[in-house]
Amino acid sequence: MRASTLILLSCIGLCAASAAASEPAAELQVRIGYLAYIPDPGPLLSNVIPEPLDAGRRGAELAINDSNSTGRFLKQQYQLDSAQHEDSDALLAAAEALHAEGVRLFVVNAPADTLHALSARLGDSLLLNAGSADDGLRQSRCLRNVLHTLPSRAMLADALVQFLAVRRWQRALLVTGPTEGDLAYAAALRRAAKRFGLRIVAEKAWTFDNDQRRSAQADMPLFTQTAEYDVVLVADERGDFGEYMPYQTWYPRPVAGTQGLTPTGWHKTVETYGAAQLQKRFEAHAGRWMNDRDFAAWIAVRSLATAITRLRSTDPMAIRTLALSADLPLDGFKGRKLSFRPWNGQLRQPIPLVQPRALVSTSPQDGFLHPHNEMDSLGYDQAEVSCDLARGT
Amino acid sequence: MRLSHLACAIALGLASHTALAATAYVSNEKDDSISVIDLDTLEVTATLEVGMRPRGLLLSSDNKLLYICASDSDRVQMMDLATRRIIKELPSGADPEQFALHPNDRWLYISNEDDALVTVVDTQSDEVLAQIDVGVEPEGMAVSPDGKWAVNTSETTNMLHWIDTTTQQLVDNTLVDQRPRHVEFDLDGKRLWASAEIGGTVSIIDVASRQIEKVLTFQIKGVHPDKVQPVGVKLSDDGRYAFVALGPANHVAVVDAKTYEVLDYLLVGRRVWHMAFTPDQKQLLTTNGVSGDVSVIDVDRLKVSKSIKVGRYPWGVVVTP
């Protein structure tokens with residue numbers, strides 16, 4: 001009863017307002033498509049704690065709930081149309097079906113190739129990438145109708161290596177897994193090492209063609225016996241062998257990267273700047289902790305809703321233009337107002353550095369200055385990027 | 001200790017209650033405690049254990065009772081300041097963060113951050129009088145001096161929600177900038193000041209029309225605009241100044257309350273949250289969350305004169321004469 005009275009009252013307020021504007025306020029129905037395709041990572045050595053299968057979607061759902069609470073005061077109604085598929089083609093078909101129903105705003109949690117295909121097929125739509133950390137999408141192969149809320153690998157690597165520089169850990173061993181993602185993560189680490197003065201004293205590829213009578217744990221000390229380092233950097237995005245590196249290195253040194261000290265877009269241990277409330281809302285909604293995918297999808301939907309509230313329109317190109325202007329401050333509970341980089345559509349954001357049960361630090365680190373915005377010391381800056389989304393190239 | 005003081009004073013008949021030093025009470029969010037500061041000596045004289053994650057504080061009109069939002073205990077505690085004991089716990093709803101007391105000294109308006117509700121509790125009968133749906137993450141609460149309006153801010157919905165206290169119904173909403181955090185009526189109740197943490201602004205709203213009259217922005221030399229995150233607002237009773245705590249910018253803005261011109265920025269401790277005047281309004285105390293201290297601002301000279309170490313993550317502050 002309480003709720004219905006409330007709706008009635010807010011309606012009275014709005015009707016009064018619209019009467020003044022001499023045009024009845026149309027109810028704004030907003031449909032947002034959530035498209036997910038998460039490839040099977042294959043058999044993993046460390047599979048004790050599985051990743052949640054609904055990572056991403058739960059964040060988008062929560063953001064829809066959050067947006068509807070504002071929406072009911074503004075006569076805006078948000079709806080999420082979710083499609084999660086086992087293969088890329090099925091997802092493309094589902095996306096086209098939603099497009100045929102008139103959906104023009106999408107949050108995508110899928111690898112870069114799928115995102116490319118979706119971007120081409122949904123040409124008149126706005127896509128928010130909450131699933132691919134691919135640096136190419138932010139550097140040379142920007143997609144005209146795609147914004148990115150998930151941090152790129154370059155942002156993560158820069159965030160981590162800035163911290164190593166602050167701690168004066170200057171020599172690193174880099175261990176890389178076999179997948180394309182692992183190689184890309186390692187490339188981002190090399191780039192960050194060059195930018196912030198970290199020396200990579202040795203590189204090793206993890207192939208696990210060792211003596212099969214030994215476990216990964218037993219193999220690690222010998223595997224990491226190289227020139228001396230201050231830190232071991234590991235690039236193992238799937239979580240195959242990296243979990244077995246901490247405490248098993250030849251030298252008693254910390255491990256960082258995809259395991260150990262990890263840069264990430266979001267983590268349970270992020271609690272300041274109102275994050276505790278978001279964490280609690282998410283846990284009540286999903287029954288588990290919020291991860292970086294959930295956050296990327298959450299902020300993607302919230303970005304759309306914030307722009308829609310401002311514009312009072314769901315026009316995808318108007319939203320894109322506003323997002324790429326400096327005029328859409330976003331609240332991401334990360335201590336800074338967040339915004340999209342106009343050159344590549346990447347959401348600027350502080351990056352937490354975490355260990356499993358604590359926040360270790362947040363980058364950008366103090367002292368890493370930037371002429372315009374310190375958060376742009378993370379990831380590809382304007383001068384390094386060949387595309388310019390705001391100008392349409 | 002203060003009780004024995006008081007008893008002594010009464011026994012001797014020499015000093016009245018007002019002759020005692022004014023006292024500040026500061027809630028320490030991560031220590032589950034209240035720091036008590038003697039405002040003559042500017043020293044912490046006691047630390048009182050309270051419920052979990054204490055944030056918002058307020059006083060009864062006779063300054064005898066201290067109300068404490070113990071957010072993680074999901075309750076509002078009532079402390080008798082004579083004995084410094086918790087004498088009552090009110091049914092506050094989940095995760096109370098800020099609250100405001102109606103001039104009738106009975107109705108407590110509490111924002112329940114996790115439930116998108118404002119709970120109205122009668123502090124005498126302990127009854128929940130109403131629960132009012134508002135936007136996501138309700139935070140700031142204020143009741144107008146005439147008691148007509150209770151205003152709540154919702155941080156994710158970015159609105160001020162106007163509650164008519166005679167019906168306890170939400171009757172209007174004002175959209176403001178991102179993450180409205182705190183609202184403060186001026187002394188005559190004509191204007192309402194609302195800070196927006198992420199928007200980086202303070203909106204001044206005409207209460208009669210509930211329209212935004214002016215939006216203040218802040219620029220501090222050497223501080224990135226993103227770090228300017230207005231939180232607490234305090235207005236001096238003489239109508240001269242408004243002070244705005246700017247969060248991680250580590251400054252308090254001094255605003256001319258008549259012309260709305262920003263006059264100065266005062267460097268205080270790290271992540272400044274909320275403020276309270278001393279009874280003579282000659283000093284303003286600020287809670288600085290990250291640096292764990294309270295800065296003392298000399299209001300006449302507009303200078304920071306002292307910082308006082310308190311507990312971990314100080315948040316709210318109130319002062320009794």
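Residues numbered from 1 in each chain as written. Chains lettered and ligands numbered in written order. Predicted model: local features only at pLDDT ≥ 70, side-chain atom pairs only at ≥ 80, totals over all residues.

Enquirer: Explanation requested: the confidence of the model for chain B in the structure shown.
Expert: Residue and element names in this part refer to chain B. The pLDDT averaged across chain B works out to 91; a share of 94% of its residues lies at or above 70. Low pLDDT, under 50, characterises residues 6-19; the predicted model gives this stretch 3 contacts beyond four residues in sequence or across chains. Taken over the whole predicted complex, pTM reads 0.82, whereas the ipTM for its chain interfaces reads 0.70. (pLDDT = per-residue confidence, 0-100. Contact = placed C-beta atoms within 7 Å.)

Enquirer: Which parts of the structure should I look at to understand the environment of Lys64 of chain B?
Expert: All names here are of chain B. The topology assignment puts Lys64 in the loop between β4 (54-59) and β5 (65-70). Residue Lys64 is classed as exposed on the basis of its 12 C-beta neighbours within 10 Å. For Lys64 and Met79, which are 15 residues apart along the polypeptide, the C-alpha to C-alpha distance reads 8.5 Å. When sequence neighbours within four positions are dropped, the list of residues in contact with Lys64 reads Leu81 and Ala82. (Helix = DSSP H or I, 4+ residues; strand = E, 2+ residues; numbered from the N terminus. Buried ≥ 20, exposed ≤ 12 C-beta atoms within 10 Å, placed from the backbone.)

Enquirer: Looking at this model, I keep getting lost on the interface of chain A and chain B. Mind explaining?
Expert: When the parts come together, some accessible area is lost, and that loss is often what is quoted as the size of the interface. Taken residue by residue, the interface counts 21 residues in chain A and 24 residues in chain B. Of all elements in the fold, only α1 (2-20), α2 (57-74) and α9 (275-286) of chain A reach the threshold of two or more residues within the side of chain A that touches chain B. Taken together, the residues of the side of chain A that touches chain B sort by class into 5 nonpolar, 8 polar and 8 charged. (Nonpolar A, V, L, I, M, F, W, Y, C, P; charged D, E, K, R; others polar.)

Enquirer: Got a minute to help me understand the domain arrangement of chain A in this structure?
Expert: Residue and element names in this part refer to chain A. Examined at the domain level, chain A breaks down into domain 1 (26-151 + 267-353 + 371-391) and domain 2 (155-263). In this structure, domain 1 and domain 2 have C-alpha centres spaced 29 Å apart. Across the boundary between the two partners, domain 1 contributes 12 residues, which contact 18 residues of domain 2. (Domains from an automatic or database assignment.)

Enquirer: Is there a simple way to explain the environment of Pro279 of chain B in this structure?
Expert: Residues and elements named next belong to chain B. Residue position: Pro279 is located in the loop between β24 (272-277) and β25 (283-288). A count of 14 C-beta atoms within 10 Å places Pro279 in the partly exposed class. On a C-alpha basis, the gap between Pro279 and Asn158 in space is 33 Å, while along the polypeptide they are 121 residues apart. Contact partners of Pro279, with chain neighbours within four places excluded, come to Ala22, Val319 and Pro321.

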